[in-house]
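# Architecture and fold: a report
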Amino acid sequence: MQQKIVIQLSMSCDKSRSKALTLAARAAGVTSMGITGDARDKLEVVGDGVDPVCLVSCLRKKLGHAQIIKVEEVKKPEEKKKDEPKPAVPVPVNPPPCYYPPSYYHHQYQAPHMVVCEDHVTARDPF
């Protein structure tokens, strides 16, 4: 079960925000995290099987004040898509190949046909 946890922290500088993100990343089951809120003082953690109490106690030890604002279940995107029908995907049609005429014409020379008639051939002796 994926859950989203929002924790309010006392973060006054970027160094403490970086430390909070590092501690959240080390927690077991965390898949994503981020800094949210107008004053950038809220840590949003999403994960499967994350213990919010253990995470907050760890953040309190390292950063000071931390309290849980909200813990809610994150629904999978596949569940939302089941209600909506999928649009038909058009099948791409490939156009027929285009053949171009050659850019030049090459005329080959053909030798004239020779006809040999054996009736007129006589054996000549050159000596």
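Keep in mind it's a predicted model, so treat the numbers as computed, not measured. Just so you know, the residues in each chain are numbered from 1, in the order the chain's sequence is written. The predicted nature of this model means local features are confined to residues of pLDDT at least 70 and side-chain atom pairs, given and counted, to a pLDDT of 80 or more, with totals for whole chains, interfaces and linings taken over all residues. Water and hydrogen atoms were dropped before computing side-chain values, which therefore reflect all heavy atoms in the structure.

## Comments concerning unusual backbone geometry
Not every positive phi belongs to a glycine, and Arg40 is a case in point at roughly 55°. Tracing the backbone shows Arg40 in the loop between strand 2 (30-36) and strand 3 (42-48). Residue burial is assigned from relative accessible area. The probe radius is 1.4 Å, only protein chains are included, and a residue is buried under 20% of its type maximum, exposed over 50%, and partly exposed in between. On the basis of relative accessibility, which here comes to 42%, the residue Arg40 falls in the partly exposed class. In this text, helices come from DSSP runs of H or I with a minimum length of four residues, and strands from runs of E with a minimum of two, each type numbered from the N-terminal end.

## Comments concerning a nonpolar patch on the surface
Without a salt bridge and with relative accessible area above 30%, a residue can belong to a patch; like charges are then joined within 9 Å and nonpolar side chains (Val, Leu, Ile, Met, Phe, Trp, Tyr) within 5 Å. Areas reported here follow the Shrake-Rupley algorithm with a probe of radius 1.4 Å; residue values treat only the protein chains shown as occluding. In the sections that follow, a salt bridge refers to a side-chain nitrogen of Lys or Arg positioned within 4 Å of a carboxyl oxygen of Asp or Glu. On the surface, a cluster of nonpolar side chains totalling about 240 Å² of accessible area is made up of Val53, Ile68 and Val71. As for its position among the elements, Ile68 is in strand 4 (residues 66-73). A relative accessible area of 35% places Ile68 in the partly exposed class.

## Thoughts on the state of the cysteines
Note on disulfides: each one is a pair of cysteine sulfur atoms within 2.5 Å. As enumerated under the stated definition, the model contains zero disulfides in all. With no disulfide partner, Cys54 has as its closest neighbouring cysteine sulfur the one in Cys58, 6.7 Å distant. Taking relative accessible area as the criterion, Cys54 reaches 45% and is therefore assigned partly exposed. Judged by its relative accessible area of 31%, Cys58 falls in the partly exposed class.

## A short note on the sheet that holds strand 2
Pairing between sheet strands relies on hydrogen bonds along the backbone, with the strands arranged either parallel or antiparallel. Whether two strands pair depends on DSSP finding at least two bridges between them. Reading across from one edge, 2-3-1-4 is the order of the four strands in this open sheet, with antiparallel pairing throughout. With partners counted over all chains shown, the strands left at the sheet margins are strand 2 and strand 4, one partner each. Across the sheet, the mean angle from the axis of one strand to that of its neighbour is 20°, orientation sign disregarded. Of the pairings in the sheet, the one linking strand 1 (residues 2-9) to strand 3 comprises seven bridges and is antiparallel in character. Across the sheet, residue Gln2 finds its bridge partner in strand 3, namely Asp48. Contact definition: two residues touch when any of their heavy atoms are within 4.5 Å. Axis angles are defined between N-to-C directions and span 0 to 180 degrees, where every axis is a line fitted to C-alpha atoms and, for a helix, only to the segment in contact. Across the face of the sheet, helix 1 (residues 14-26) comes into contact with strand 1, strand 2 and strand 3 while running at roughly 160° to strand 2.

## What about the pattern of salt bridges?
Under the criterion given, the structure shown has four salt bridges. Across the salt bridge formed by Lys4 and Glu72, the nearest N and O atoms sit 3.8 Å from each other. In this pair, Lys4 sits in strand 1 while Glu72 sits in strand 4, placing the two residues 68 residues apart along the sequence. Residue Arg40 pairs with Asp14 through a salt bridge whose shortest N-O separation is 3.9 Å. Within this pair, whereas Arg40 is found in the loop between strand 2 and strand 3, its partner Asp14 is found in helix 1, the two being separated by 26 residues in sequence. Each of Lys4, Glu44 and Glu72 takes part in salt bridges that share partners, so that together they form one network.

## Considering helix 1
Multiply 1.5 Å by the residue count of a helix minus one, and that product is the helix's expected span. For helix 1, which comprises 13 residues, the first-to-last C-alpha distance of 19 Å matches the rise-based estimate of 18 Å (1.5 Å per residue) to within 8%. Turning to helix 1, its buried residues are Ser16, Arg17, Ala20, Leu23 and Ala24. When helix 1 is viewed along its axis, its buried side chains cluster within an angular range of 125° and face the same direction. The exposed set on the far side of helix 1, more than 90 degrees from its buried face, consists of Asp14, Lys15 and Arg26. The secondary structure elements touched by the buried residues of helix 1 are strand 1, strand 2, strand 3 and helix 2 (52-63). Regarding the arc, it is the one traced by the directions from the helix axis to the C-beta atoms.

Nothing here speaks to function; it is all geometry.
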